[in-house]
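What the coordinates show
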Amino acid sequence: MNILITGGAGYIGSHTCVALLERGYDVIVADNFVNSDPVVLQRIREITGRDFHSYEIDVTDAEAVERLFQAYKIDGVIHFAGLKAVGESVQKPLEYYRNNLLSTIVLADNCIRYGVGKFVFSSSATVYGDQEVPLAESMPLRGTTNPYGETKAMSERILTDTARAHPKLAVSLLRYFNPVGAHESGLIGESPRGIPNNLMPYITQVAKGKLAKLYVYGDDYPTVDGTGVRDYIHVVDLAEGHVAALERLEEGVHVYNLGTGQGTSVLQLVKTFEQVNGIKIPYEIVGRRPGDVAESYADVSKAWRELGWSAKRGIDEMCRDAWRYEVNHSDE
Ligand code: NAD
Ligand code: UD1
């Protein structure tokens, strides 16, 4: 089976390449390296001992993408490629809409024209907006607060309408909660450019001494200790969720939450990181970050029922593996 992985050099894509290669799939990676480094592809080969084809391609480029569909008999597409910085999307909305929507359209169009039957899409829990937890797939979407989130909701809609009109294309929309951690080899992980926006990479950079302290955005939420609660999921579990989604994908459009179902507060994550890695994380409580919700965690029962998948790794492993990667690779 040939699986086209767009954004395969990125954080989640690289871990999913490893999971697919280990499971015997052949992968073809298309990435323009706008937010990743080609060296990651070498590391995937090192971890798995397997080779694969990779192309430096912008997946909004319809001609370049079509050449791939002509060159290979592609059995499925997993579409990770996209821009993902929430704040930047507010500053540069057109860049986000163009990149994230056009890539989805170009890929879906080629799937139809070349008879590809499986399309797995990287969506986000952000599409739920602010509503009661646990968040379930059956809930209506409440609208997001930024262009990035809108590109996810719109891509879901584009793929849903396309699959309805072309029933040979089965679609799986995967709503990720908060992916963190890294492969246990320490060879691949998350390498944000500049100052991280997300909590775990911020913590690892404080631990490394690159940043002086963590700013905790608000301690007056109606949560266990007043700080924001999220459903952190180990990126290797998330990668395995993609394999399950691909293998079980049948006709129609299917939506799955990929999370653990467990909420963890900012301070709980900080404490666990300190305990597991034996490093103190200095922090200061500051005001809330605009657009943040108090609590977000998943109802994960559908993924278990229909995909036979559930996350296995806990917060301890997430903190240990995130730190191991930071120690090994943060100076690149
Ligand atoms: P990432 O930035 O590490 O990976 C994305 C990859 O896509 C990068 O390698 C980048 O170079 C590539 N890319 C971007 N635009 C491209 C284009 N036009 N053509 C070719 N390649 C392109 O991000 P990630 O964390 O691995 O996220 C993967 C996907 O999952 C994204 O669509 C993201 O929006 C979504 N997602 C991520 C999170 C998260 O917290 N990391 C949460 C929910 C959803
Ligand atoms: C953010 C994005 C969301 C995106 C997700 C995954 C916003 C408003 N939301 O979600 O759209 O899908 O990342 O990429 O940006 N925190 C701190 N200090 C920090 C960083 C974070 O206290 O320096 C807190 C936040 O307030 C939150 C928690 O840590 O309570 C997690 O934050 P983060 O990792 O940015 O993820 P989300 O807010 O869930």
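Refer to the preceding data block for the structure.
A short tour of the structure in this document, coming up.

How each quantity is defined
- Residue positions are given per chain, counted from 1 along the sequence in the order it is written.
- A letter from A marks each chain and a number from 1 marks each ligand, given out in the order of writing.
- Restriction of local features to residues with pLDDT of at least 70 applies here, the model being predicted, together with a cutoff of 80 or more for giving and counting side-chain atom pairs; totals for whole chains, interfaces and linings are based on all residues.
- Working from all heavy atoms in the structure, the side-chain values ignore hydrogens and water.
- Should DSSP find at least two bridges between two strands, the strands are regarded as paired.
- Numbering of helices and strands starts at the N terminus; helices are DSSP runs of H or I of at least 4 residues and strands are runs of E of at least 2.
- To be near a molecule or strand, a residue needs just one of its heavy atoms within 4 Å of it.
- For the purposes of these results, a polar contact is taken to be a pair of N or O atoms within 3.5 Å, where, inside protein, one atom must be able to donate a hydrogen and its partner to accept one; residues adjacent in sequence count only when each atom of the pair is a side-chain atom.
- The Shrake-Rupley method, run with a 1.4 Å probe, gives the accessible areas here. Residue values count only the displayed protein chains as cover.
- Nonpolar residues are Ala, Val, Leu, Ile, Met, Phe, Trp, Tyr, Cys and Pro. Charged residues are Asp, Glu, Lys and Arg, and all others, Gly as well, are polar.
- Side-chain atoms within 4.5 Å are what join buried Ala, Val, Leu, Ile, Met, Phe, Trp, Tyr and Cys residues into a set we call a nonpolar core.
- Here the term buried applies to any residue with accessible area under 20% of the maximum for its type, exposed to any over 50%, and partly exposed to those in between, with areas from a 1.4 Å probe on protein chains only.
- Between two residues, a contact is recorded if the distance between any of their heavy atoms is within 4.5 Å.
- We define a salt bridge as a contact between a side-chain nitrogen of Lys or Arg and a carboxyl oxygen of Asp or Glu at a distance within 4 Å.
- When the strands point away from the viewer, a crossover counts as right-handed if the path from the first strand over the helix to the second runs clockwise.
- By disulfide we mean two sulfur atoms from cysteines, separated by a distance within 2.5 Å.

Read from one edge to the other, the open sheet built from three strands follows the order β12-β9-β14, with strand pairing classed as mixed. Looking at strand neighbours, the two that pair on one side only are β12 (264-265) and β14 (295-296), the edges of this open sheet. Bridging between strand β9 (residues 229-230) and β12 involves two bridges; their strand directions are antiparallel. The partner of V229 across the bridge, within β12, is S265.

Time to look at the site of ligand 1. Near ligand 1 there are 26 residues, and of these I12, D31, N35, S36 and N99 occur at the shortest range. The separation between an oxygen atom of ligand 1 and a polar side-chain atom of K84 is 2.8 Å. Contacts to ligand 1 include K152, whose side-chain N or O atom sits 2.8 Å from an oxygen atom. When the free accessible area of ligand 1 is taken as 820 Å², the share hidden by the protein chains comes to 95%. In terms of residue count, strand β5 (residues 118-124) provides more of the shell around ligand 1 than any other element does, three residues in total. A class-by-class count of the residues in the shell around ligand 1 yields twelve nonpolar, ten polar and four charged.

Our next topic: the nonpolar core. I5, L20, V27 and I44 are the most contacted members of the largest nonpolar core, which has 42 residues in total. Counting residues per element, the ones that place at least two in this core are β1 (2-6), α1 (11-22), β2 (26-31), α2 (39-48), β6 (170-176), α8 (235-248), β11 (253-258) and α10 (301-307). With eight residues, α8 is the largest single contributor of residues to this core. If sequence neighbours within four positions are ignored, I5 has contacts with G13, C17, L20, V27, I28, V29, A30, I78 and F80.

What follows covers the pattern of salt bridges. Counted according to the given criterion, the structure contains 22 salt bridges. R157 serves as the salt-bridge partner of D161, at 3.1 Å between the closest nitrogen and oxygen. Note that D161 and R157 are positioned in helix α6 (residues 147-165) at a spacing of four residues, about one turn of the helix. On the basis of relative accessibility, which here comes to 33%, the residue D161 falls in the partly exposed class. Put simply, E284 and K213 hold a salt bridge, and the shortest N to O gap is 2.5 Å. Within this pair, whereas E284 is found in strand β13 (residues 283-286), its partner K213 is found in the loop between α7 (199-208) and β8 (214-217), the two being separated by 71 residues in sequence. Classification of E284 by relative accessible area gives partly exposed; the value is 31%. Using a relative accessible area of 28% as the deciding quantity, one classes K213 as partly exposed.

Here we take up the pairing of β6. Counting buried residues in β6 gives seven out of seven residues, a clear majority hidden from the surface. A two-sided burial pattern is seen for β6, the buried positions comprising A170, S172, L174 and Y176 on one face and V171, L173 and R175 on the other. Sheet topology note: the β5/β6 ladder contains seven bridges and is parallel. What sits directly across from K118, in β6, is A170. Handedness of the crossover is the feature at issue here: the chain leaves β5, passes through α6, returns alongside β6, and the resulting connection is right-handed. As paired strands, β6 and β11 are joined by six bridges and run parallel to one another.

A few words on the site of ligand 2. Surveying the vicinity of ligand 2 reveals 19 residues, the closest of which are Y215, Y217, R230, R289 and D292. A distance of 2.9 Å is found between an oxygen atom of ligand 2 and a backbone nitrogen or oxygen belonging to L199. A distance of 2.8 Å separates an oxygen atom of ligand 2 from a polar atom in the side chain of R289. For ligand 2, whose unbound accessible area comes to 740 Å², protein coverage reaches 88%. Going through the elements one at a time, α7 and β8 are the ones with two or more residues in the shell around ligand 2. With four residues, β8 is the largest single contributor of residues to the shell around ligand 2. When its residues are assigned to classes, the shell around ligand 2 shows ten nonpolar, six polar and three charged.

All right, on to the state of the cysteines then. Applying the stated criterion to the full structure yields zero disulfides. Cysteine C17 shares no disulfide, and the gap to the nearest cysteine sulfur, in C111, comes to 16 Å.

For the rest of this paragraph, the subject is the side chain of T16. Residue placement: T16 occurs in helix α1. Assessed through its relative accessible area of 0%, T16 is described here as buried. Residues within four places of T16 in sequence aside, it is in contact with I78, F80, A239 and H242.

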